[in-house]
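Structural description and commentary
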Amino acid sequence: MSNNILKHLAIIMDGNGRWAKQRGLMRTKGHEQGANTIRDITQYCAEHETIETVTLYAFSTENWKRPKYEVDFLMRLLDRWLKQELPTYHRFGARFETVGNIEGFSPKLQETIASIKEQTADHTNVTQILALNYGSRYEIAKAASQLAKRGEEITEDSLGRELNTPYQDIDLLVRTSGEQRLSNFLLWQLSYSEFYFTKTLWPDFTPMELEEIINQYLHRDRRFGAVV
Ligand code: FPP
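No experiment lies behind these values; they were computed from the predicted model shown. (Residues numbered from 1 in each chain as written. Predicted model: local features only at pLDDT ≥ 70, side-chain atom pairs only at ≥ 80, totals over all residues. Heavy atoms only, no water.)

Looking at the sheet that holds strand β4 (residues 126-134)
Basically, it comes down to this: Note: two strands are recorded as paired if DSSP finds a minimum of 2 bridges between them. Per the convention used, a helix needs a DSSP run of H or I reaching at least four residues, while a strand needs a run of E reaching at least two, with both numbered from the N terminus. Here an axis means a line fitted to C-alpha atoms, over the contact stretch when the element is a helix, while the angle between two N-to-C directions is reported on a 0 to 180 degree scale. In what follows, residue pairs with any heavy atoms lying within 4.5 Å of each other are defined as contacts.
Reading across the sheet, the 6 strands line up as β3-β4-β2-β1-β5-β6 and stay open at both edges, with parallel pairing between neighbours. Where the open sheet ends on each side, the last strands, each with one partner, are β3 (94-99) and β6 (194-197). Put simply, the sheet's adjacent strands are angled 20° from each other on average, direction ignored. As defined by bridge partners, strand β2 (residues 53-60) adjoins β4 across 7 bridges and the pair is classed as parallel. Within β4, the residue paired with Tyr57 across the bridge is Ala131. Set on the sheet, helix α3 (residues 68-92) makes contact with β2, β3 and β4; between it and β4 the angle comes to about 170°. Its contacts with the sheet place helix α4 (residues 107-120) against β3 and β4, and it is angled at close to 140° to β3.

Written as structure tokens, this is what we have:
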């Protein structure tokens, strides 16, 4: 039995579109259902003894390439959902945070995001970080360029601290829907993470399945490059 502890979980939520298609529904219905899964998983993480942070990939810098109606829908859904979820953030004791370039969003949505962050800032059961308009290569390049501009040395430590996400390293990454790739998500922070890919589509993903995955993670042998 290994001594793995799970503090930081990251999830690439994938498969909303396919979930909807299987049911003959619009893709947007899949996103709505996917938002409900976010609530269930956040509750699970808030109640979990060791999880401190859950980071969820909600909108990548590449997602702007989707049809305009779908992008507009996702923006509206995010705004509506955050406002509507405020009582659940309070109930779960969950703090809301983001990574990514939210300046790319409408002023109204930016305001909603800032307001939910402010109102949940004191919650300590779990920090839920939504990656919004996030791209990892951009994040790394920007951090390096900022250090260079200030004439500072670029080292693992200084670059790691300069990233938008100076949160603790990720222990476990889960991607749903059967795809097995990183899609420009937290490349630096995932350096020593364990990966788990499930075929389940995000809207069908449940806390029970997450618990099974975590149990497998707890039994994995993490060596961080050393011989143990
Ligand atoms: C991937 O499904 C999903 C996303 C675009 C990101 C996750 C979005 C949500 C869970 C929607 C709600 C989010 C919030 C924060 C309210 P996909 O469309 O790529 O599915 P597909 O690969 O089957 O087409």
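Points about the packing of aromatic side chains
Aromatic rings considered in pairs are described by the distance between their centres and by the relative angle of their planes. Where we set the bar: Planes of paired rings set the category: under 30 degrees apart is stacked, over 60 is edge-to-face and the rest tilted, where pairs are Phe, Tyr or Trp rings (Trp by its six-membered ring) whose centres lie within 6.5 Å. When accessible area is computed with a 1.4 Å probe and restricted to protein chains, residues below 20% of their type maximum are described as buried, those above 50% as exposed, and intermediate ones as partly exposed.
By the definition in use, this model includes 9 aromatic pairs. With a centroid separation of 5.0 Å and 75° between ring planes, the pair formed by Phe59 and Trp64 is classed as edge-to-face. Seen from their ring centres, Phe59 and Phe105 are 6.3 Å apart, and the 75° between their planes marks the pair as edge-to-face. You can see Phe59 sitting in strand β2 and its partner Phe105 sitting in the loop between β3 and α4, a full 46 residues away along the chain. With relative accessibility at 3%, the residue Phe59 sits in the buried group.

Remarks on the pairing of β3
Burial within β3 is extensive, with 5 of its 6 residues counted as buried. Here β3 runs beside β4; their pairing, made up of 6 bridges, is parallel. Across the sheet, the residue bridging to Ala94 is Val126, located in β4.

Structural notes on the side chain of Asp14
Note the following rule: Under the rule applied, a polar contact is a pair of N or O atoms within 3.5 Å (in protein, one hydrogen donor and one hydrogen acceptor; residues adjacent in sequence only if both atoms are side-chain atoms).
Within the secondary structure layout, Asp14 lies in the loop between β1 (8-12) and α1 (16-22). The class of Asp14 is buried, set by a relative accessible area of 16%. Here the side chain of Asp14 touches Arg18 through a polar contact of 3.4 Å, side chain to side chain. Beyond its immediate chain neighbours, meaning those up to four positions away, Asp14 contacts Arg175, Thr176, Ser177, Glu179, Leu201 and Trp202.

Observations regarding α3
Here is the rule: By this rule, a helix spans an expected 1.5 Å times one less than how many residues it contains. The term bend refers to the angle at a residue between two fitted axes, each drawn through seven residues, those ending there and those starting there.
Its 25 residues give α3 an end-to-end C-alpha distance of 34 Å, which sits within 8% of 36 Å, the value for a rise of 1.5 Å per residue. The largest bend in α3 amounts to roughly 45° and is located at Glu85, with the proline Pro87 lying one to four residues further along. Positive backbone phi, at 65°, marks Gly93, one or two positions downstream of α3.

Brief notes about helix α2 (residues 27-47)
Between its first and last C-alpha, α2 extends 31 Å over 21 residues, near the 30 Å set by a 1.5 Å rise per residue. Within the sequence span of α2, burial applies to Thr28, Gly30, His31, Gly34, Ala35, Thr37, Ile38, Ile41, Thr42, Tyr44, Cys45 and Ala46.

Concerning the pairing of β6
Here β6 shows a clear split, with Glu194 and Tyr196 buried on one side and none of Phe195 and Phe197 buried on the other. Sheet analysis places strand β5 (residues 172-175) next to β6, joined by 4 bridges and oriented parallel. Paired with Val174 across the strands is Tyr196, a residue of β6.

Let's talk about the side chain of Thr127
Within the secondary structure layout, Thr127 lies in strand β4. Within the local environment of Thr127, its side chain forms a polar contact with the side chain of Arg95, the two groups lying 3.3 Å apart.

Things to note about the nonpolar core
Condition: Working definition of a nonpolar core: buried Ala, Val, Leu, Ile, Met, Phe, Trp, Tyr and Cys residues. They are joined through side-chain atoms within 4.5 Å.
Counting 42 residues, the largest nonpolar core has Leu9, Phe105 and Leu172 as its most contacted members. By residue number, the principal contributor to this core is α3, which donates 9 residues. Excluding anything up to four places from it in sequence, Phe105 contacts Phe59, Trp64, Met75, Leu78, Gln110, Ile113, Leu132 and Asn133. Counting 12 residues, the second largest nonpolar core, distinct from the first, contains Ala131, Tyr134, Leu173 and Leu186.

Regarding the site of the ligand
Here is the rule we go by: Nearness here has a simple test: a residue counts as near a molecule or strand if at least one of its heavy atoms is within 4 Å of that partner. Here the accessible surface of atoms and residues is derived via Shrake-Rupley with a 1.4 Å probe, and residues count as covered only by protein chains that are part of the display. Residues are sorted three ways: Asp, Glu, Lys and Arg are charged, Ala, Val, Leu, Ile, Met, Phe, Trp, Tyr, Cys and Pro are nonpolar, and all the rest, Gly among them, are polar.
The local shell around the ligand holds 19 residues, among which Asp14, Gly17, Arg18, Arg27 and Arg66 are the closest. Separating an oxygen atom of the ligand from a side-chain N or O atom of Asp14 is a distance of 3.1 Å. Its free accessible area being 620 Å², the ligand has 91% of it covered by the protein chains. Broken down by element, the residue count for the shell around the ligand peaks at 5 residues, all from α2. In terms of residue class, the shell around the ligand is built from 10 nonpolar, 5 polar and 4 charged.

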